[in-house]
Amino acid sequence: MGLIVQKFGGTSVGDIGRIKNAAGRVMDEKKKGNDVVVVVSAMGKTTDGLVGLAYQAASKPSKRELDMILTTGEQITISLLTMALQDSGYDAVSMTGWQAGIETESIHGNARITNINTDKIKDNLSESRIVVVAGFQGLAGNGEITTLGRGGSDTTAVALAAALKAERCDIYTDVDGVYTSDPRYVKNARKLASVAYDEMLELANLGAGVLHPRAVEFAKNYGVPLSVRSSMEKLDGTIIEEEVSMETGLIVRGVAFEEEIIRMTVFGLRNEITSLSSIFSTLAKHHINVDIIIQSKTETESINLSFSIKREDLEDAIEVLQNNRKELGFTTIEHESGLSKVSIVGSGMISNPGVAAQMFEVLADHDIPIKMVSTSEIKVSVVVDESQMLKAAEVLHTEFNLDKAEQPQKVSVK
Ligand code: ASP
Ligand code: MG
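What counts, and where the lines are drawn
- Residues numbered from 1 in each chain as written.
- Chains lettered and ligands numbered in written order.
- Predicted model: local features only at pLDDT ≥ 70, side-chain atom pairs only at ≥ 80, totals over all residues.
- Heavy atoms only, no water.
- Near = heavy atom within 4 Å.
- Polar contact = N/O pair within 3.5 Å; in protein donor to acceptor, adjacent residues only side chain to side chain.
- Areas by Shrake-Rupley, 256 points an atom, 1.4 Å probe, with all protein chains shown as cover.
- Nonpolar A, V, L, I, M, F, W, Y, C, P; charged D, E, K, R; others polar.
- UniProt positions renumbered as here; feature names shortened; annotations may be inferred.
- Helix = DSSP H or I, 4+ residues; strand = E, 2+ residues; numbered from the N terminus.
- Pairing = 2+ DSSP bridges.
- Axes fitted to C-alpha atoms, helices over the stretch in contact; angles between N-to-C directions.
- Contact = heavy atoms within 4.5 Å.
- Core = buried A, V, L, I, M, F, W, Y, C linked by side-chain atoms within 4.5 Å.
- Buried < 20%, exposed > 50% of the residue type's maximum accessible area, 1.4 Å probe, protein only.
- Salt bridge = Lys/Arg side-chain N within 4 Å of Asp/Glu carboxyl O.
- Parallel < 35°, antiparallel > 145°, perpendicular 65-115°, else oblique.
- Left-handed = near helix turned anticlockwise from the far one by under 90°.
- Expected span 1.5 Å × (residues − 1).
- Arc of directions from axis to C-beta.

Peer 1: So what's going on with the site of ligand 1? Residues and values would help.
Peer 2: Near ligand 1, the surroundings consist of Ser-41, Ala-42, Thr-47, Glu-74, Phe-136, Arg-150, Gly-151, Gly-152 and Ser-153. For ligand 1, an oxygen atom lies 2.8 Å from a polar atom in the side chain of Ser-41. Gly-152 has a polar backbone atom sitting 3.3 Å from an oxygen atom of ligand 1. The protein chains hide 86% of the 260 Å² of surface that ligand 1 would expose on its own. In terms of residue class, the shell around ligand 1 is built from two nonpolar, five polar and two charged.

Peer 1: Account for the UniProt feature "domain: ACT" (unreviewed entry) in the protein chain, with residues named and values stated.
Peer 2: On the UniProt side, "domain: ACT" (unreviewed entry) is annotated at positions that read residues 264–338 and 344–414 here. For the annotated span residues 264–338, helix accounts for 33% and strand for 35% of the residues, and the straight-line distance between the end C-alpha atoms is 12 Å.

Peer 1: Now, about the sheet that holds strand β13 (residues 254–270): what can you tell me, with residues and values included?
Peer 2: Overall, antiparallel pairing links the six strands, which are arranged β14-β15-β13-β16-β18-β17 in an open sheet. Each edge of the open sheet carries a strand with a single partner, namely β14 (293–295) and β17 (372–376). For this sheet, the mean inter-axis angle between neighbouring strands, taken without regard to orientation, is 25°. Both β14 and strand β15 (residues 302–310) contribute to a ladder of three bridges, which runs antiparallel. Bridge assignment links Gln-295 to a residue of β15, and that residue is Leu-305. Against the sheet, helix α6 (residues 197–205) contacts β13, β16 (332–345), β17 and β18 (379–385), and its axis sits at roughly 145° relative to β16. Contacts from helix α11 (residues 355–365) reach β16, β17 and β18 within the one sheet, and its direction differs from that of β18 by about 20°.

Peer 1: Which residues make up the nonpolar core, and what values go with them?
Peer 2: With 45 residues, the main nonpolar core has Val-37 and Ile-121 as its most contacted residues. If one sorts the elements of this core by residue count, helix α5 (residues 153–163) sits on top with six residues. Not counting the four nearest positions on each side in its chain, Val-37 is found in contact with Leu-3, Ile-4, Val-5, Gln-6, Ile-121, Leu-125, Val-131, Val-133, Leu-160 and Leu-164. Grouped together as the second largest cluster of nonpolar side chains are 25 residues, Val-342, Leu-363, Val-380 and Val-382 included.

Peer 1: Account for the pattern of salt bridges, with residues named and values stated.
Peer 2: One pass over the full model with this rule turns up 22 salt bridges. For Asp-154, the salt bridge identified is with Lys-7, shortest N-O distance 2.8 Å. In this pair, Asp-154 is assigned in helix α5 and Lys-7 in strand β1 (residues 3–8), connecting sequence segments 147 residues apart. Measuring nitrogen to oxygen at the nearest pair gives 3.2 Å for the salt bridge that ties Lys-220 to Asp-198. One end of the pair, Lys-220, is in helix α7 (residues 213–222); the other, Asp-198, is in helix α6, with 22 residues separating them in the sequence. Owing to a relative accessible area of 27%, Lys-220 belongs among the partly exposed residues under this scheme.

Peer 1: Got a sec to walk through the sheet that holds strand β8 (residues 145–147)? Specific residues and values, please.
Peer 2: The mixed open sheet is built from four strands, whose spatial order is β5-β4-β7-β8. The open sheet has two free edges, formed respectively by β5 (113–116) and β8, since each of these has just one partner strand. Strand-to-strand twist in this sheet, taken as the mean axis angle between neighbours without regard to direction, amounts to 45°. Sheet topology note: the strand β7 (residues 137–140)/β8 ladder contains three bridges and is antiparallel. The residue bridging Gly-138 from the neighbouring strand is Thr-146, located in β8.

Peer 1: Help me get a handle on the packing of helix α8 (residues 275–285) against helix α9 (residues 314–323), residues and values and all.
Peer 2: In contact at an axis separation of 10 Å, α8 and α9 are set at 130° when each is read in the N-to-C sense. By the criterion of interaxial angle, the relationship of α8 to α9 is oblique. For the element pair α8 and α9, the recorded crossing hand is right-handed. Residues Ile-279, Thr-282 and Leu-283 of α8 pack against Ala-317, Val-320 and Leu-321 of α9. Along the lines of polarity and charge, the residues of the contact of α8 with α9 split into five nonpolar, one polar and no charged.

Peer 1: Outline helix α2 (residues 46–57), listing residues and values.
Peer 2: Here α2 contains 12 residues, and its C-alpha end-to-end distance of 17 Å stays within 8% of the 16 Å for a straight helix at 1.5 Å per residue. Regarding α2, the residues found buried are Thr-47, Leu-50 and Ala-54. The buried residues of α2 all sit within an arc of 60° when viewed along its axis, so they share a single face. Against the buried residues of α2 lie α3 (63–87).

Peer 1: So what about the UniProt feature "binding site: substrate" (unreviewed entry) in the protein chain? Which residues, and what values?
Peer 2: Cross-referencing UniProt, the feature "binding site: substrate" (unreviewed entry) maps to Thr-47 and Glu-74 in the present numbering. These residues run over 28 residues, yet every pair of their C-alpha atoms falls within 8.7 Å of each other. Structurally, the position occupied by Thr-47 is in helix α2. According to the relative accessible area criterion, Thr-47 is buried, its value standing at 9%. Those residues in contact with Thr-47, other than ones at most four positions away along the chain, are Ala-42, Leu-70, Glu-74 and Arg-150. The topology assignment puts Glu-74 in helix α3. Excluding residues within four positions of it along the chain, Glu-74 makes contact with Val-40, Ser-41, Ala-42, Thr-47, Ala-134, Gly-135, Phe-136, Gln-137 and Ser-153. Among the polar contacts made by the side chain of Glu-74, one reaches the main-chain amide nitrogen of Ala-42 at a distance of 3.0 Å.

Following this line, the structure appears as structure tokens:
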């Protein structure tokens, strides 16, 4: 017997039937003798719909009013789920983020949780009541209602699990776990029994939409055991934890990919000690996220610099660079679109050299040119042509034995 935090995403509470189904999963946990705190998202595509309304009312709705309208979505779900639980004879109560004591920074649209005052939740749990909390929202110190960024209900759930020292946080969703790659595109993608926090963090940041990156960060920092599982089918999901057994011998645990990458190249940049910092701080000031950076020879008088950005930042990046060309000290810029990023992730890379070499070799064997590379301790990413993205993902998935978990994996260093 312990405390379990359950979270149901938008699809899992998309209509009344699904809300009743979610209520069933809550009751199952309660019947086992556990205390249960439930966090829910807005129903189906409600949040998108509310954003759409806001942009009909104003061309640039203020962030405060956006938070005001968006937080209504989750409020509908908490009341309906609570009613369904009560209808089945269970004692339950719904709470908005602020009623649940979720305190955030005073920022609209993307606030971080700063503290959770759990008194009210604990009072209700001590009365054996199920507590249903609205995800994605909180209250800033200045009394303003805030939201945590799109997908933020995951973070509410993990933060509550940490604050309440829950035994587990179960994320119920429309997929049945974390996969070795996106099963919609990579045949033989397999569900993983477990993934390490760091691996999940890389995968989430690389666009595996199954978990909000900030939620994974929270789970790692507070050691919250996390699971991702299907709300519709009663199957084992994927466990995300600190130490993942290497018994399967998988050095690479996932292949992620992302389209719409742009390579920008800055030519003739003055070779000065501050040149790089000026360029990237100028881009950062304009909220342009730079990923991979490649710099040409530094002994020459001027340098060429390439970096990758997302498609949505292209126009801004060009404008910002052109407007500051003199001060930044370069001659021209060019960009290449139609690119994508393919990454392999696995904590086994730390202790197994040669993984990147093997990746490059396989891509070369399949005539897939690599345009850029970046690595971390547990990740290697390459930028390739968009037309070759899926093929690259497929061959890497096979090469690193991700389609057959049982076989220990050998890395060949030639
Ligand atoms: N409803 C919010 C969104 O769609 C938060 C969430 O579902 O996590 O982004
Ligand atoms: Mg989500």
